[in-house]
Amino acid sequence: MEVMNLLLKTDSYKASHYLQYPPGTEKLFAYLESRGGAHAETRFFGLQAIIKEHLQTPITREDIDEAEEVLTTHGLPFPREGWLRILSEHGGLLPLEIRAVPEGTMVPTGNVLMTVESTDPELPWLVGWLETLLVQVWYPTTVCTRSYYLREIIREHLEATADDATAELPFKLHDFGCRGASSMVSAALGGLAHLVNFQGTDTVPALVAARRYYGADMAGYSIPAAEHSTVISWGREQEVEAYRNMLRRFAKPGAVVAIVSDSYDIYDTVIRLWGEVLRQEVIDSGATVVVRPDSGDPVEMVDWVVSALAEKFGTTTNSKGFRVLNHIRVIHGDQIDGRTIPEVLKVLRANGFSASNIAFGIGAGLLQKLNRDTYRFAFKVSEVTIDGQAIPVRKSPVGSFKHSKAGHLDLVRDKNGTLRTIDRATDPTGVSSELVPVFRNGALLSDWTLEQVRGRA
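Reading guide: rules and limits
- Residues numbered from 1 in each chain as written.
- Predicted model: local features only at pLDDT ≥ 70, side-chain atom pairs only at ≥ 80, totals over all residues.
- Heavy atoms only, no water.
- Buried < 20%, exposed > 50% of the residue type's maximum accessible area, 1.4 Å probe, protein only.
- Helix = DSSP H or I, 4+ residues; strand = E, 2+ residues; numbered from the N terminus.
- Pairing = 2+ DSSP bridges.
- Expected span 1.5 Å × (residues − 1).
- Arc of directions from axis to C-beta.
- Contact = heavy atoms within 4.5 Å.
- Core = buried A, V, L, I, M, F, W, Y, C linked by side-chain atoms within 4.5 Å.
- Disulfide = S-S within 2.5 Å.

### What to know about the pairing of strand β1 (residues 25–34)
Reasoning step 1: Within β1, eight of the ten residues are buried, leaving the element largely enclosed by the surrounding structure.
Reasoning step 2: Examined bridge by bridge, β1 and strand β13 (residues 377–386) share nine bridges and lie antiparallel to one another. Bridging from a neighbouring strand, F29 pairs with E383 of β13.
Reasoning step 3: Sheet topology places β1 next to strand β5 (residues 112–118); five bridges connect them, and they run antiparallel. Directly across from L32, in β5, lies its bridge partner M114.

### Here we look at helix α2 (residues 61–73)
Reasoning step 1: Taking 1.5 Å as the rise per residue, α2 with 13 residues should run 18 Å; its terminal C-alpha atoms sit 18 Å apart, in good agreement.
Reasoning step 2: Those residues of α2 that sit buried are D63, I64, A67 and L71. One side of α2 carries all its buried residues, which in axial view fall inside an arc of 95°. Exposed positions of α2 whose direction lies more than 90 degrees from the buried face are E62 and T73.
Reasoning step 3: Buried-residue contacts for α2 involve α3 (80–89) and α4 (126–129).
Reasoning step 4: Count one or two residues on from α2 and you reach G75, which has phi positive near 110°.

### Concerning the nonpolar core
Reasoning step 1: Grouped together as the largest cluster of nonpolar side chains are 129 residues, with contacts concentrated most on L47, L55, W83, I98, M114 and L130.
Reasoning step 2: Here this core gets nine residues from one element, more than from any other, and that element is helix α14 (residues 298–313).
Reasoning step 3: When residues no more than four places from it in sequence are discounted, the contact partners of L130 are L6, L55, L94 and L96.

### Observations regarding the state of the cysteines
Reasoning step 1: One pass over the structure, following the stated rule, counts zero disulfides.
Reasoning step 2: Free of any disulfide, C144 has its nearest neighbouring cysteine sulfur in C178, separated by 18 Å.
Reasoning step 3: By relative accessible area, C144 is classed as buried at 0%.
Reasoning step 4: On the basis of relative accessibility, which here comes to 18%, the residue C178 falls in the buried class.

Here's what the structure looks like:
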């Protein structure tokens, strides 16, 4: 998804660290964890994409030369002999071992998600050099986690108010976030992380990432939908013709088409245009027409639109005793996040409407309004081997929550089925590890499909 010299995918100060470790240092062992956040667990995802994109192509002498020129001019030393050793002794592939929890697994915060250790005693510093790149798994993991918890909110309301929650759930939260992402790479990884939990998306780069990294021919789906430009280009006096054109081109029996309806006056559009002028055309089309109000307070707007459409198109009461709109549905994609989704659903439910009536589009609230501190991700060295002796190390700053773990860490499942972190050196329980080898010396050892990841989700 991007082209850049692997040696330069790091922080500047990493270039000086090979000179800072104690004499005789042979190995570094580091781990990644979420130290906590808005939720008690995180869903690990995205490491495989990072490995496939960045760590499977051998480095070249040209890479070394470029990195040396950039970093020394930048004001730093450069371990040229070390990188040349990787080229000559390891075929340009990195002498590292990475173990991680299987992607899609929910792990309580405060536990190891991934470990990284060097495999060449001459190159222990390589673990730190790669921290900058590897820790960026925080982003797809955070999106995947956020998407999962939003799914659980929607699931609760569907199971209480809909006839077939399982069939409806995958398409209830649609990714509108591509244009608001910081880059196409972010959109691809974040959008793909969302597709672990849902199947509705308009983020095309996520589909490409799913093909490239997780073997999914088609990871998500969308429908024909109007935007404001395709409505206002007809002019205000011809607004109804913009909607009629959408119906005639896309509203076929069994089809679904979404039409943004707030370009001018959402209240007039819903009551008069959809509810009267176009009502019979909607019914006769055999399609499900999805009306999209795209402004206003989400809770008040969705409540009003659903109620108004119910008066015009009628409803059917389902087996749970909740009303479902006939022929028509609603999607709202403005100001949608973890606060507004449950509020919208609660109001609909209180008014006797099924969650079947509403879907959500989510943009910045899914892919952009987050950072590494959302779940306080940290990558820390916990064991150093010097002259053959493994030494546990940790940071424990006074007056801070940023204490790290020490030892040769592992993730196990105790007799109660709870995941917990142990130090294999001091707690050799004999319990098998929940971490699996995913990368060793340039080779990808675990290659999950998206369906396997979804299966864990």
